[in-house]
Amino acid sequence: MDTDPIPVKAADLRRTDVAFCSERDRFAVVSQLTTVPGIAEVEVTFLDKDGEVRQRYRADEGVPLRRRGINAQRVVERLCVPLGERASAWRSERRGDHTFHAGFAALEGPEFVAALGAWENGGHVRLLPDGGEFPYSFSLADDLGLAMIDYCEGDIGVRVFEELEAYVRALDLYAGGPLESPRRRSEHERNVARALRTGSFPGSVEFESR
């Protein structure tokens with residue numbers, strides 16, 4: 001459900017957000033964001049029924065936001081069953097350091113990724129590069145929502161973590177595999193510490209480049 005618009009920093013917008021475009025004097029979908037080199041500005045590309053329009057903002061300038069775009073919470077709301085109920089192979093339940101929401105999508109793997117806007121960088125959800133057997137099974141990440149979305153031939157599981165460290169550990173386990181050796185356990189701890197220090201997560205472009 002849409003809520004009253006709230007201001008967010010232009011630099012904090014994400015693809016698929018619905019925000020106010022003053023050039024059109026109406027709300028439109030954010031289709032792309034680009035940091036302007038050398039100055040603290042971002043260029044936002046909006047998309048609506050009349051096509052694309054670009055607008056520049058100071059990075060800290062407030063932009064009215066009608067609703068966040070496609071993220072893990074929207075997947076839970078639209079595709080998952082309440083806690084205690086079963087959806088196909090999985091059940092919605094509390095599991096240790098996260099809440100697991102089970103659901104089902106009548107979409108093939110590539111179609112599901114497209115529906116979440118995860119083929120391109122800059123959105124709320126990103127496709128994780130390791131650990132799955134694409135297009136049959138794979139995972140996606142919502143870093144702002146501290147959530148992982150697992151897909152297996154239509155079955156969906158959304159793991160929503162309460163703590164950042166637990167989320168980062170889950171990402172690293174997905175990317176690097178289980179902690180079966182002292183070397184892997186040491187690597188895991190280094191990766192987690194680096195992610196918490198830098199704010200870049202395992203499986204992201206920023207994390208891989210460091």
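Right above here is the structure, for reference.
This one's a predicted model, so the numbers in the text were calculated from it and none came from an experiment.

Participant: Looking at this structure, I do not really get the nonpolar core. What am I missing?
Facilitator: Within soluble globular proteins, side chains that are nonpolar tend to cluster in buried spots. The biggest cluster of nonpolar side chains holds 31 residues, and the ones touching the most others in it are Phe 112, Leu 116, Leu 140, Met 148, Ile 149, Val 158 and Tyr 167. Elements that contribute at least two residues to this core include exactly α1 (72-79), α2 (109-115), β12 (137-142), β13 (147-152), β14 (155-161), α3 (164-176) and α4 (182-198). The leading source of residues in this core is α3, at six residues. Apart from residues no more than four positions distant in its own chain, Met 148 is found in contact with Leu 128, Ser 139, Leu 140, Gly 157, Val 158, Arg 159, Phe 161, Tyr 167, Ala 170, Leu 171 and Tyr 174. Membership of the second largest hydrophobic core comes to 14 residues, among which are Leu 13, Ala 19, Cys 21 and Val 63.

Participant: How should I be thinking about the side chain of Arg 15 in this particular structure?
Facilitator: Note that Arg 15 resides in the loop between β1 (6-9) and β2 (18-21). As a buried residue without a salt bridge, Arg 15 has its nearest oppositely charged side chain in Glu 120, at a separation of 4.6 Å. A polar side-chain atom of Arg 15 sits 2.6 Å from the main-chain carbonyl oxygen of Glu 120. Discounting chain neighbours no more than four positions away, the residues touching Arg 15 are Val 30, Ser 31, Gln 32, Leu 33, Gly 117, Glu 120, Asn 121, Gly 122, Gly 123 and His 124.

Participant: Can you help me understand the sheet that holds β1 in this one?
Facilitator: The strands making up a sheet associate through hydrogen bonds between their backbones, and the pairing can be parallel or antiparallel. Reading across the sheet, the six strands line up as β1-β6-β2-β3-β4-β5 and stay open at both edges, with antiparallel pairing between neighbours. Either end of the sheet is taken by a strand with one partner, and the two such strands are β1 and β5 (51-58). Between one strand axis and the next, the sheet turns through 50° on average, direction left out of account. Pairing of strand β3 (residues 26-36) with strand β4 (residues 41-48), which is carried by seven bridges, proceeds in the antiparallel orientation. Bridging across to β4, Leu 33 finds its partner in Val 44.

Participant: Explain the layout of surface pockets to me, please; I cannot follow it from the model alone.
Facilitator: Empty space among the atoms can be located by rolling a probe the size of a water molecule over them. Approximately 190 Å³ is the volume attributed to the second largest pocket. Forming the boundary of the second largest pocket are Arg 67, Ile 70, Arg 74, Val 75, Arg 78, Leu 79, Leu 107, Phe 112, Ala 115 and Leu 116. Put simply, the parts of the chain that give the lining of the second largest pocket at least two residues each are α1 and α2. In terms of residues, the lining of the second largest pocket owes the most to one element, α1, which gives four residues. By residue class, the composition of the lining of the second largest pocket is seven nonpolar, no polar and three charged.

Calculation rules
Residues numbered from 1 in each chain as written. Predicted model: local features only at pLDDT ≥ 70, side-chain atom pairs only at ≥ 80, totals over all residues. Heavy atoms only, no water. Core = buried A, V, L, I, M, F, W, Y, C linked by side-chain atoms within 4.5 Å. Buried < 20%, exposed > 50% of the residue type's maximum accessible area, 1.4 Å probe, protein only. Helix = DSSP H or I, 4+ residues; strand = E, 2+ residues; numbered from the N terminus. Contact = heavy atoms within 4.5 Å. Lys, Arg positive; Asp, Glu negative; His and termini not counted. Salt bridge = Lys/Arg side-chain N within 4 Å of Asp/Glu carboxyl O. Polar contact = N/O pair within 3.5 Å; in protein donor to acceptor, adjacent residues only side chain to side chain. Pairing = 2+ DSSP bridges. Axes fitted to C-alpha atoms, helices over the stretch in contact; angles between N-to-C directions. 1 Å grid on protein atoms, 1.4 Å probe; cavity = no way out; pocket = protein on both sides within 12 Å on 5 of 7 lines; lining within 4 Å. Points joined across faces, edges and corners; volume = space filled by probe spheres on them. Nonpolar A, V, L, I, M, F, W, Y, C, P; charged D, E, K, R; others polar.

Read these as layout, nothing more, since geometry by itself doesn't imply function.
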